[in-house]
Amino acid sequence: MTLNQLKATAIYKKNAVLYDTVIDTYKGISGHKEGFKIYFYKQEQLDYSTHEEFKFYNHKLERINKSVEEFKSLNMDNQLSEGIKDLRVLTEALCSNEELKAYDLKTYRRKVSQIQNSMCNKKLLNIMYNLKIEVSDLNRNLPKTPTPVVTHKYYVSKKSNKSVDQILTEIVPAELKRAPIMNGYVFPLEVYKKKCVVWIGHKPAPLMGSGTRQLWELKDNKWQCVDSSRTWVS
């Protein structure tokens, strides 16, 4: 099917402005001589506001704030500034020495270790370790969401001798467990609160390409990509 034929379908017309914007933004995908794929997925919308763990999020934030205050109280600016200054002086002296002996190397190693301990003392490392765990706990305790389900698939090309079934081997409906490695787009059937997730993949040639997961948002009546993360590279 051609892109114009797909645009004439009811499924495309429902969010045509979004789809058109994404396709126009990545014309390298839609302009591929071999054509491209378009998948449409459905995300079950559940209400997670009663998730039990959310009752404890204020306490989690308090622990995070306590760790941040502990870190700030260490006043590391001076220690770090002095440390890099001492390392620079020490290293310049080592590298400019025209006759280095074992004693010089051992002395350098010992002093570097001392500066390292000053810049990255155990208390600092413990605070940073705890802070990382405490912040990640916010994500770790979010409720699990249902896997999106691909409900429709299309192969778009000006002309092709191959059948759609040969090109699109996936059976639908099917769970979208990972980003598809493809030249094409994965679009949402429904947009929730003017926000949605889109997957795109670009394969200009075999064993070449990359894919991203993107968050799109409607701002000032224009769809914009507000966040993007790499999902695959070949």
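Quick caveat, the model's predicted, so the values are computed rather than measured.

Trainee: Is there a simple way to think about the nonpolar core in this case?
Mentor: Counting residues in each nonpolar core, the largest one holds 21 residues, and the members touching the most others are V22, I38, F40, Y185 and F187. Counting only elements with at least two residues in this core, the list comes to α2 (10-13), α3 (16-25), β1 (36-42), β2 (149-156), β4 (184-188) and β5 (195-205). Among the elements that take part in this core, α3 stands out by supplying four residues, more than any other. Those residues in contact with F187 that lie beyond four places of it in its chain are Y19, V22, I23, I38, Y39, F40, Y41 and V198. The next biggest cluster of nonpolar side chains, apart from the first, holds ten residues, and it includes Y39, Y41, V150 and M182.

Trainee: I would appreciate a short explanation of α3 in the present structure.
Mentor: Residues that lie three or four places apart on an α-helix share one face, since the helix turns once every 3.6 residues. Within α3 the residues assigned to the buried category are L18, Y19, V22 and I23. The arc enclosing the buried residues of α3, seen along the axis, measures out at 125°, which places them on a common side.

Trainee: Explain the sheet that holds β2 to me, please; I cannot follow it from the model alone.
Mentor: Sheet strands pair by backbone hydrogen bonding; their relative direction is either parallel or antiparallel. In space, the seven strands of this open sheet follow the order β3-β2-β1-β4-β5-β6-β7, with mixed pairing throughout. Edge positions in the open sheet fall to β3 (174-175) and β7 (222-233), since each of these has one partner strand only. Of the strand pairs in this sheet, β5 and strand β6 (residues 208-219) are connected by nine bridges, and their pairing is antiparallel. The residue of β6 that forms the bridge with V197 is L215. Along the sheet face, α3 touches β1, β4, β5, β6 and β7 and points at about 155° away from the line of β4.

Trainee: Would you explain the side chain of S157 in this entry?
Mentor: Here S157 is to be found in the loop between β2 and α9 (164-167). Aside from chain neighbours lying at most four places away, what touches S157 is M1, T2, E34 and G35.

Trainee: Looking at this structure, how should I read unusual backbone geometry?
Mentor: Following V172, the chain continues to P173 via a peptide bond in cis, the omega torsion being 0°. The backbone of N75 shows a phi angle near 50°, a positive value even though the residue is not glycine. Positionally, N75 belongs in the loop between α5 (57-73) and α6 (76-96). Using a relative accessible area of 45% as the deciding quantity, one classes N75 as partly exposed. A positive phi is found at N221, a non-glycine position, where the angle reads about 65°.

Trainee: Would you explain the pairing of β4 in this entry?
Mentor: Every other side chain in a regular strand lies on the same face of the sheet, so the side chains alternate between the two faces. Of all five residues making up β4, five are buried, and the element is well covered by its neighbours. Across five bridges, β1 lies against β4 in parallel orientation. In the sheet register, Y41 faces β4, and the bridge partner there is P188. Sheet analysis places β4 next to β5, joined by three bridges and oriented antiparallel.

Trainee: What's the story with the packing of aromatic side chains in this structure? I'm lost.
Mentor: Ring pairs (aromatic) are described by centroid distance and by the angle formed between their planes. Under the defined criterion, the tally for this structure stands at nine aromatic pairs. Judged by centre distance (5.4 Å) and plane angle (75°), the ring pair of Y41 and W199 falls under edge-to-face. Residue Y41 is found in strand β1, and its partner W199 is found in strand β5; the two are separated by 158 residues along the sequence. Of the two residues examined, Y41 and W199, each falls in the buried class. Residues F54 and Y57 carry aromatic rings whose centres are separated by 5.3 Å and whose planes lie at 90° to one another, so their mutual orientation is edge-to-face. F54 sits in the partly exposed class, given a relative accessible area of 31%. A relative accessible area of 15% means that Y57 is categorised as buried.

Trainee: Please clarify how the pattern of salt bridges should be interpreted in this entry.
Mentor: For side chains of opposite charge, pairing can occur when their charged atoms come near one another. If you walk through the whole model with that rule in mind, you get eight salt bridges. Here E69 makes a salt bridge to K72, at a shortest N to O gap of 3.5 Å. Residue E69 and its partner K72 are located together in helix α5, separated by three residues, close to a single helical turn. For E69, a relative accessible area of 38% corresponds to the partly exposed category. Two residues, K177 and E175, come together in a salt bridge whose shortest N-O distance is 3.9 Å. Owing to a relative accessible area of 48%, E175 belongs among the partly exposed residues under this scheme. A network of salt bridges, in which partner residues are shared, links E53, K60, D137 and R140.

Analysis parameters
Residues numbered from 1 in each chain as written. Predicted model: local features only at pLDDT ≥ 70, side-chain atom pairs only at ≥ 80, totals over all residues. Heavy atoms only, no water. Core = buried A, V, L, I, M, F, W, Y, C linked by side-chain atoms within 4.5 Å. Buried < 20%, exposed > 50% of the residue type's maximum accessible area, 1.4 Å probe, protein only. Helix = DSSP H or I, 4+ residues; strand = E, 2+ residues; numbered from the N terminus. Contact = heavy atoms within 4.5 Å. Arc of directions from axis to C-beta. Pairing = 2+ DSSP bridges. Axes fitted to C-alpha atoms, helices over the stretch in contact; angles between N-to-C directions. Phe/Tyr/Trp six-rings, centres within 6.5 Å; stacked < 30°, edge-to-face > 60°. Salt bridge = Lys/Arg side-chain N within 4 Å of Asp/Glu carboxyl O.

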